[in-house]
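# Residue-level structure breakdown
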Amino acid sequence: MEIDVSHVAILAGLRFAEKDMASVAKDLRSALEAMDRLSQRHLEGVPPTFWAGDAEPLPLDADSPRPGLRHEDVMAMAPKRDGAYVLVPREDADKDPQEKKQ
């Protein structure tokens, strides 16, 4: 089964390094083959499962307030700053202008 990882990545809004394409294609192919095998099974009447096996769902941590980071500490960690603000790159800054129009 041949998979165009670049096309799938665009549809999913993902980006992969060229060196990772073969590995991603292998993983995607494996997942699709597993879904294909599953679709060939008679599953009518089988209740849906939300986790694998008979494991209990993981307990949730209590929502309790805790101290946040101090502004000075955040600014010290920021790679780029402008006065009191952290600068972040635009999400689409590295895309080809022709690609943005699609």
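Residues numbered from 1 in each chain as written. Predicted model: local features only at pLDDT ≥ 70, side-chain atom pairs only at ≥ 80, totals over all residues. Heavy atoms only, no water.

## Digging into the nonpolar core
- Formed by Ile3, Val5, Met21, Val24 and Ala25, the largest nonpolar core amounts to five residues.
- With three residues, helix α2 (residues 21-39) is the single largest residue contributor to this core.
- Beyond its immediate stretch of four places on either side in the chain, Val5 contacts Phe16, Met21, Val24 and Ala25. (Core = buried A, V, L, I, M, F, W, Y, C linked by side-chain atoms within 4.5 Å. Buried < 20%, exposed > 50% of the residue type's maximum accessible area, 1.4 Å probe, protein only. Helix = DSSP H or I, 4+ residues; strand = E, 2+ residues; numbered from the N terminus. Contact = heavy atoms within 4.5 Å.)

## Here's the deal with the packing of helix α1 (residues 5-12) against α2
- Orientation of α1 relative to α2, taken along the N-to-C sense of each, is 75°, at an axis distance of 10 Å. Classified by the interaxial angle, the pair formed by α1 and α2 is roughly perpendicular. Between α1, through Val5, Ser6 and Val8, and α2, the contact on the second element is made entirely by Met21, Val24, Ala25 and Leu28.
- Residues of the contact of α1 with α2, tallied by class, amount to six nonpolar, one polar and no charged. (Axes fitted to C-alpha atoms, helices over the stretch in contact; angles between N-to-C directions. Parallel < 35°, antiparallel > 145°, perpendicular 65-115°, else oblique. Nonpolar A, V, L, I, M, F, W, Y, C, P; charged D, E, K, R; others polar.)

## A few points about α2
- Its 19 residues place the ends of α2 26 Å apart at the C-alpha level, agreeing with the 27 Å of an ideal helix rising 1.5 Å per residue.
- All of the buried residues in α2 are Met21, Val24 and Ala25. Each buried residue of α2 sits inside an arc of 100° when the element is viewed along its axis, so together they form one side. Turned more than 90 degrees from where α2 packs its buried face, Ala22, Lys26 and Asp27 sit exposed.
- Taken together, the buried residues of α2 touch α1. (Expected span 1.5 Å × (residues − 1). Arc of directions from axis to C-beta.)

Shape is all these values report; function is a separate question.
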